[in-house]
2 protein chains.
Amino acid sequence: MEKRTSILLAEDDVNLGHLLQTFLKSKGFDVTLAQNGKIAFDKFNSDTYQFCIFDVMMPEMDGFTLAKEIREIDRKVPILFLTAKSMKEDKLEGFSIGADDYLTKPFAMEELLARITAITRRTETTDSEVDQHYLIGTIKYEPDIRLLHLKDEVKKLTTKENQLLKLLVKNKNEILDRQATLRAVWGDDNYFNGRSMDVYIAKLRKALKEDESIEIMNVHGKGFKLVVK
Amino acid sequence: MEKRTSILLAEDDVNLGHLLQTFLKSKGFDVTLAQNGKIAFDKFNSDTYQFCIFDVMMPEMDGFTLAKEIREIDRKVPILFLTAKSMKEDKLEGFSIGADDYLTKPFAMEELLARITAITRRTETTDSEVDQHYLIGTIKYEPDIRLLHLKDEVKKLTTKENQLLKLLVKNKNEILDRQATLRAVWGDDNYFNGRSMDVYIAKLRKALKEDESIEIMNVHGKGFKLVVK
DNA sequence: TGAGTCAGTTAACGTTTTTTAACAGCGGTT
DNA sequence: AACCGCTGTTAAAAAACGTTAACTGACTCA
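Please read all numbers here as calculations on a predicted model, not as lab measurements. (Residues numbered from 1 in each chain as written. Chains lettered and ligands numbered in written order. Predicted model: local features only at pLDDT ≥ 70, side-chain atom pairs only at ≥ 80, totals over all residues. Heavy atoms only, no water.)

J.: Is there a simple way to explain the packing of aromatic side chains in this structure?
T.: The geometry of an aromatic ring pair is captured by the separation of the ring centres together with the interplanar angle, meaning the angle of the planes. One pass over the structure, following the stated rule, counts 9 aromatic pairs over all chains. On the numbers, 5.3 Å between centres and 75° between planes, the contact of Tyr191 of chain A with Phe192 of chain A is edge-to-face. Residue Tyr191 of chain A shares its accessibility class with Phe192 of chain A, and that shared class is exposed. Both rings, one in Phe64 of chain B and one in Phe81 of chain B, keep their centres 4.9 Å apart while their planes meet at 75°; by these two values the pair is edge-to-face. Separated by 17 residues along the polypeptide, Phe64 of chain B in helix H3 (residues 63-73) and Phe81 of chain B in strand E4 (residues 79-83) bring together distant segments of the chain. Under the relative-accessibility criterion, Phe64 of chain B is labelled buried at 8%. Accessibility expressed as a relative area gives 2% for Phe81 of chain B, which makes it buried. Over the aromatic face of Tyr200 of chain A sits the side chain of Lys203 of chain A, whose NZ or CZ is 5.1 Å from the ring centroid. (Phe/Tyr/Trp six-rings, centres within 6.5 Å; stacked < 30°, edge-to-face > 60°. Buried < 20%, exposed > 50% of the residue type's maximum accessible area, 1.4 Å probe, protein only. Helix = DSSP H or I, 4+ residues; strand = E, 2+ residues; numbered from the N terminus. Lys NZ or Arg CZ within 6 Å of the ring centre and 35° of its normal.)

Printed below as a string of structure tokens:
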């Protein structure tokens, strides 16, 4: 249940625009592409964006003007400029409007990604959700505080129990690959960690056995699967 | 009570260091100058800074290593690199560590200022980071003056208690890495410092136990995590 | 200058968590 | 059926952590 960062990208060069959109989408962002500043401004006002990337030179409305307009109604949303010029004056004009960063074309995709990451990291909200919970059959499970609400007891899970159960729950009714799980939880899928995992599966089965409809089933040679009937 | 943004500047070139310090001070910043990365790391851990400027090439501990150490205990504080090289690889190495920006020497003072302003603009109004105080559940905590406002007492924290709690609070709901914390607070992550840290965790748990919703939970083999329900 | 105080470390002992060992059973293959 | 790798389970061993108290060294102040 992870919300993706939505980005508003204003770029009149169709090729570059689509290239960037595809790249950023592959990196897990929601990217809305606008052909020019006017369209971008409309889109900004009709939807919610966490991040803006504006080409400086565009028809209709250039990037700087667009940024200035947006800054009047939102003085916080991060704005990154793409500019073909490399003159210092331009850079400064962008910053004084309230840009957060700029890239001079041509630039490496990875650098763009790095800068977006750097900026969004700072603006992230401090507290992540601690109140998230799942229902496994009739049993309430709170992974963030590692609690399992059983019929007549609230069981505290250990780190490993919790990591494993969280993966099972996230992949409910799907096979949880044995090797992948070992690498995720134990860091290495060697023999002993495998045995250790089997021990933890036994613990979890015992913890969940009060609800008959829950089953952690083994898929021979593949992994485990949490099934709730 | 207006407090100035405090900057930690790590620069081994004494001339450039003083020049920058003087310039930034004239622009209204509090600037602490550290001769090398090791000194900077110690200063970062004993005081509070809103911004970091690190020269990449320094004796004792270089800027990238310094940033990496700091990122383990503070994933938000803005870091700007000063680099003499202009290779793209270097830039990316910086960003992947979690840098926010970089400047290639020689650079214009005004450009440095513009970048600092761009990065701090959004955070300065939102964050009450300048007038440092946190709420841990119902308990008010003022790290700068090392006070914990309990129900019927104002508890003075010792240096170590305070450093540890500050890190926990800054990383609320996230795992605070055991080794990184030891290096930050005790300078070395050997066995005995580890035991010492466990003693301090016990002290903090005792101090915070009046609020049931607060928990310092252990993540076996990884570190501790401050959770407020 | 020497008893008292205080922050921090080390020691000691207890508890919890995780790993390893040991043995038993199961599943698929030949 | 015989075999072999995979899994189930329990118990013992090892590692990590929790807590209290004794200890150490630095500082204070009469």
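J.: What is the right way to look at the protein's contact with DNA strand D in this model?
T.: Residues in contact with DNA strand D amount to 21 residues; listed here are only the nearest, Arg178, Arg195 and Arg205 of chain A together with Arg195 and Arg205 of chain B. Looking at DNA strand D alone, sugar and phosphate atoms form 61% of those within 4 Å of the protein. With respect to DNA strand D, the side chain of Lys206 of chain A contributes an N or O atom lying 3.3 Å from a phosphate oxygen. Elements with a minimum of two residues in the surface near DNA strand D: helix H8 (191-208) of chain A together with helix H8 (191-208) of chain B. Broken down by element, the surface near DNA strand D gets its largest block of residues, 6 residues, from H8 of chain B. Its residues placed into classes, the surface near DNA strand D shows 5 nonpolar, 6 polar and 10 charged. (Near = heavy atom within 4 Å. Polar contact = N/O pair within 3.5 Å; in protein donor to acceptor, adjacent residues only side chain to side chain. Nonpolar A, V, L, I, M, F, W, Y, C, P; charged D, E, K, R; others polar.)

J.: Where do I start with the pairing of strand E11 (residues 214-219) of chain B in this structure?
T.: Each regular strand carries side chains that alternate between the two faces of the sheet. Residue and element names in this part refer to chain B. Of the pairings in the sheet, the one linking E11 to strand E12 (residues 223-228) comprises 6 bridges and is antiparallel in character. Bridge assignment links Asn218 to a residue of E12, and that residue is Phe224. Where E11 folds back onto E12 in an antiparallel hairpin, the turn is made up of 3 residues, including Gly221, whose phi is positive at roughly 80°. (Pairing = 2+ DSSP bridges.)

J.: What should I look at first to understand the sheet that holds strand E5 (residues 101-104) of chain A in this one?
T.: Pairing between the strands of a sheet comes from backbone hydrogen bonds, and it takes one of two forms, parallel or antiparallel. All names here are of chain A. Read across the open sheet, the 5 strands follow the order E2-E1-E3-E4-E5; overall the sheet is parallel. Among the strands making up the open sheet, the edge pair consists of strand E2 (30-34) and E5. Each strand axis lies, on average, 20° off the axis of its neighbour in the sheet, ignoring direction. One ladder, built from 4 bridges, connects strand E1 (residues 6-10) with strand E3 (residues 51-55); its direction is parallel. Note on E3: the bridge partner recorded for Ala10 is Phe54. Of the strands in this sheet, E1, E2, E3 and strand E4 (79-83) touch helix H1 (residues 14-26), which is tilted by about 170° from E2. (Axes fitted to C-alpha atoms, helices over the stretch in contact; angles between N-to-C directions. Contact = heavy atoms within 4.5 Å.)

J.: Explain the nonpolar core here, please?
T.: Inside soluble globular proteins, nonpolar side chains tend to come together where they are buried. Ranked by size, the top nonpolar core spans 51 residues in total, and within it Phe54, Leu66, Phe81, Ile136, Leu148, Leu165 and Leu168 of chain B carry the most contacts. For Leu165 of chain B, the residues in contact, after removing those within four places along its chain, are Ile136, Tyr141, Leu148, Leu157, Leu204 and Leu208 of chain B. Counting residues in each nonpolar core, the second largest holds 24 residues, with Leu165, Val169, Leu208 and Leu226 of chain A among its members. (Core = buried A, V, L, I, M, F, W, Y, C linked by side-chain atoms within 4.5 Å.)

J.: Please clarify how the pairing of E4 of chain A should be interpreted in this entry.
T.: Residues and elements named next belong to chain A. Within E4, 5 of the 5 residues are buried, which leaves it mostly tucked inside the rest of the structure. On E4, burial covers both faces: Ile79, Phe81 and Thr83 on one face and Leu80 and Leu82 on the other are all buried. When E3 meets E4, the two strands line up parallel, connected through 4 bridges. Its bridge partner being in E4, Ile53 is matched across the sheet by Leu80. Both E4 and E5 contribute to a ladder of 4 bridges, which runs parallel.

J.: Which parts of the structure should I look at to understand unusual backbone geometry?
T.: What is expected of a backbone is that most residues other than glycine have negative phi and most peptide bonds are trans. Of note in this structure, Asn173 of chain A is not a glycine but carries a positive phi near 65°. Following the sequence through the fold, Asn173 of chain A ends up in the loop between helix H6 (159-170) and strand E10 (175-177). Positive phi values are uncommon outside glycine, yet Arg146 of chain B reaches one of about 55°. Assignment of secondary structure puts Arg146 of chain B in the loop between strand E7 (139-142) and strand E8 (147-150). Judged by its relative accessible area of 32%, Arg146 of chain B falls in the partly exposed class.

J.: What should I look at first to understand the side chain of Glu69 of chain B in this one?
T.: Of note, Glu69 of chain B is situated in helix H3. Its relative accessible area of 17% is what places Glu69 of chain B among the buried residues.

J.: How should I be thinking about helix H1 (residues 14-26) of chain B in this particular structure?
T.: Helical geometry: 3.6 residues make up each α-helical turn, so side chains three or four residues apart lie on a common side. All names here are of chain B. The terminal C-alpha atoms of H1, which comprises 13 residues, lie 18 Å apart, in line with the 18 Å expected from a rise of 1.5 Å per residue. Along H1, the residues classified as buried are Leu16, Gly17, Leu20, Gln21, Phe23 and Leu24. A distance of 3.0 Å separates the backbone nitrogen of Asn15 from a side-chain oxygen at the start of H1, and that oxygen is part of Asp13. At the exit of H1 stands Gly28, carrying a positive phi of roughly 100°. (Expected span 1.5 Å × (residues − 1).)

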